[in-house]
Each structure stands twice: as structure tokens, then as C-alpha cells.
Amino acid sequence: MASAEEVVEVGIRVLDPEAAVPTYAQPFDAGADLISTSDLELAPGERAVVGTGIALSIPAGWAGFVHPRSGLAARHGLTVVNAPGTIDAGYRGEIKVCLLNTDSSNAITISRGDRIAQLVLQRVGRADFVVTEELDPSVRGDGGYGSTGGVAGWAAIEQEDA
Ligand SMILES: O=c1ccn([C@H]2C[C@H](O)[C@@H](COP(=O)(O)OP(=O)(O)OP(=O)(O)O)O2)c(=O)[nH]1
Ligand SMILES: [Mg+2]
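Keep in mind that what you see is a predicted model, and the values were worked out from it rather than measured.

### So, the overall build of the chain
Right, so step 1: Broken down by element type, the chain carries two helices and 10 strands.
Right, so step 2: For the chain, the sequential pattern of α-helices and β-strands runs β-β-β-β-β-α-β-β-β-β-β-α.
Right, so step 3: Over its C-alpha atoms the chain spans a radius of gyration of 20 Å, topping by over 25% the 15 Å that the globule rule assigns to 162 residues.
Right, so step 4: A principal-axis box enclosing the C-alpha atoms of the chain has dimensions of 60 × 45 × 40 Å.
Right, so step 5: Of the accessible surface of the chain, which amounts to about 11,500 Å², a share of 52% is contributed by carbon and sulfur atoms.
Right, so step 6: Of the side chains in the chain, 11 bear a positive and 22 a negative charge, and the two mean positions are spaced by 9 Å.

Next up, the structure:
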């Protein structure tokens, strides 16, 4: 049986009198919705940094990641420029979202209180970088950027199997 989800305690300051603690829309959702504290309109191709009205104290060993919401992305072309935005455990300022209207012809209107993005909490590690002349060998080696093949999917796999 799958193990239960891990719940981490995160301190929160609600900075805007009308903002609220972020909520998970459904049980087991990974993302808690973040709201906009501003009214704004994004012209096609325009971006803006938008406040969410909250500040957090995330425990060391964890980080928050600001992801776009898929419905707004699919319906309107709204995304997060730096997706996922990284919220460091030590950051105590207001969480802000750098929104981008990717639609080529329609403006997007955002109203105060709209759920504009979602925050995912994840465990994170930090590297102890050890300088070396030779890296451990691996099967992939230095192959990257398409080294395993192009875009062909099923057809290529079927040919290889034949
Ligand atoms: O979508 C985001 C991304 C970042 N931040 C805040 C929290 C994060 O801890 C801090 C720094 O983010 P990042 O390291 O991505 O930005 P930077 O350009 O490297 O700034 P800095 O020099 O402050 O690290 O900005 C947000 O509020 N929203
Ligand atoms: Mg940084």
C-alpha cells in the first residue's frame, strides 16, 4: 500500500487584510492555491510581478515551488515566467508571482482574490561540491540534448521492436 503523505508545518504571515491562508482545492493535491492581491490586465506577451499577500517560514531542508495553474494556462495562456519559482527556506518576504500572458491576441484580466498560481512544498538537498579531475563513469556519459533520439515516439519504438 502507498505510504501516507508527508505534512510539513510552515509558518505563515498573512500580510493583506483580505488574503487568506492558501488552501488545497482537493484532498491529496500537491499545490496550494496562491491568490493575487492586485487587479491587473496583462496585454498579449506582457508580464507582471504580482503579490500574493503571504510570507512564509519554510523549514530548512524544504523549499516552495510556484507553479502555474493548468486551467488558466490552457484556457487563457497564463503562465509563470520562472516556473517553477523557487521559495528558499530562509525567505521571509512576500511571495510574489511573475505572471506572463503567452496569448498572442487576447489580454488577461486578473482580479484581486483570483487564484493565479499554486505552491508546492518539496524536500530539497544541497550539494557539497567536491572538485575532481575525473567524474565517475556513467551509462549516459556526456550524451544530452536529444542524444537518445528525436521526437518520433510510437513509430520509432515499433521499428526498433520489429
Ligand atoms: O516565484 C518566485 C521566486 C522567488 N521568490 C522569492 C523567494 C526566493 O527565496 C527569492 C529569491 O528567488 P531566486 O533565488 O529565484 O531569485 P534571484 O534572482 O536569484 O534573487 P536573489 O539574488 O535574491 O536570490 O525570491 C518569489 O517570491 N517568487
Ligand atoms: Mg537566488
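What follows continues from the structure just given.
### A short note on the pattern of salt bridges
Right, so step 1: Across all of its chains, the model carries five salt bridges by this definition.
Right, so step 2: The partner of Asp16 in a salt bridge is Arg112, and the shortest N-O contact between them spans 2.9 Å. Pair noted here: Asp16 is in the loop between β1 (11-14) and β2 (31-35) and Arg112 is in the loop between β9 (108-110) and β10 (115-123), with a separation of 96 residues, a long-range link.
Right, so step 3: Given a relative accessible area of 34%, Arg112 falls into the partly exposed group.

### Concerning the site of ligand 1
Right, so step 1: Near ligand 1 you find Asn82, Gly85, Thr86, Ile87, Asp88, Tyr91, Glu94, Ile95 and Lys96, and these make up its full shell.
Right, so step 2: Interatomic distance of 3.3 Å between a side-chain N/O atom of Asn82 and an oxygen atom of ligand 1.
Right, so step 3: For ligand 1, a nitrogen atom lies 2.7 Å from a polar atom in the backbone of Lys96.
Right, so step 4: Protein chains shield 48% of the accessible area of ligand 1, which is 570 Å² for the free molecule.
Right, so step 5: Contributions of two or more residues to the shell around ligand 1 are made by β7 (85-87) and β8 (94-101).
Right, so step 6: Looking at side-chain class alone, the shell around ligand 1 contains three nonpolar, three polar and three charged residues.

### Digging into the nonpolar core
Right, so step 1: In terms of nonpolar packing, the biggest core is built from 24 residues, with Val66, Val97, Leu99 and Ile110 touching the most fellow members.
Right, so step 2: The set of elements that each furnish at least two residues to this core consists of β3 (40-42), β4 (47-57), β5 (62-68), β6 (78-80), β8, β9 and β10.
Right, so step 3: Every residue in contact with Val66, bar those within four places of it in the chain, is listed here: Leu34, Val80, Ala83, Pro84, Gly85, Ile87, Ile95, Val97, Ala117, Gln118 and Leu119.

### Focus: the UniProt feature "domain: dUTPase-like" (unreviewed entry) in the chain
Right, so step 1: UniProt annotation of "domain: dUTPase-like" (unreviewed entry) refers to residues 18-149 when read in the numbering used here.
Right, so step 2: Between the end C-alpha atoms of residues 18-149 the distance is 51 Å, and the span holds 5% helix and 39% strand.

### With respect to the sheet that holds β2
Right, so step 1: Taken in spatial order, the four strands make up an open sheet running β2-β10-β5-β7, and their pairing is antiparallel. Both outer strands of the open sheet, β2 and β7, are each paired with one neighbouring strand and no more. Taking the axes of each pair of neighbouring strands and ignoring which way they run, one obtains an average angle of 35 degrees across the sheet.

### Overview of the environment of Arg123
Right, so step 1: Counting through the fold element by element, Arg123 comes out in strand β10.
Right, so step 2: Judged by its relative accessible area of 55%, Arg123 falls in the exposed class.
Right, so step 3: With 31 residues separating them in the primary sequence, Arg123 and Arg92 have C-alpha atoms 18 Å apart.
Right, so step 4: In this structure, Arg123 is in contact with Glu6, Gly61 and Trp62, ignoring residues within four places of it in sequence.
Right, so step 5: Looking at Arg123, its side chain comes within polar contact range of the side chain of Glu6, at 2.5 Å.

### As for the UniProt feature "binding site: substrate" (unreviewed entry) in the chain
Right, so step 1: With numbering matched to this structure, UniProt assigns "binding site: substrate" (unreviewed entry) to Arg69, Ser70, Gly71, Asn82, Thr86, Ile87 and Asp88. Spatial dispersion of the annotated residues is evident: they stretch over 20 residues in sequence, and the largest pairwise C-alpha distance comes to 26.4 Å.
Right, so step 2: Along the chain, Ser70 falls in helix α1 (residues 70-76).
Right, so step 3: Position of Asn82 relative to the elements: it lies in the loop between β6 and β7.

What counts and what doesn't
Residues numbered from 1 in each chain as written. Chains lettered and ligands numbered in written order. Predicted model: local features only at pLDDT ≥ 70, side-chain atom pairs only at ≥ 80, totals over all residues. Heavy atoms only, no water. Helix = DSSP H or I, 4+ residues; strand = E, 2+ residues; numbered from the N terminus. Rg over C-alpha atoms; globule rule 2.2 N^0.38 Å. Areas by Shrake-Rupley, 256 points an atom, 1.4 Å probe, with all protein chains shown as cover. Lys, Arg positive; Asp, Glu negative; His and termini not counted. Charge placed at Lys NZ, Arg CZ, Asp CG, Glu CD. Salt bridge = Lys/Arg side-chain N within 4 Å of Asp/Glu carboxyl O. Buried < 20%, exposed > 50% of the residue type's maximum accessible area, 1.4 Å probe, protein only. Near = heavy atom within 4 Å. Polar contact = N/O pair within 3.5 Å; in protein donor to acceptor, adjacent residues only side chain to side chain. Nonpolar A, V, L, I, M, F, W, Y, C, P; charged D, E, K, R; others polar. Core = buried A, V, L, I, M, F, W, Y, C linked by side-chain atoms within 4.5 Å. Contact = heavy atoms within 4.5 Å. UniProt positions renumbered as here; feature names shortened; annotations may be inferred. Pairing = 2+ DSSP bridges. Axes fitted to C-alpha atoms, helices over the stretch in contact; angles between N-to-C directions.

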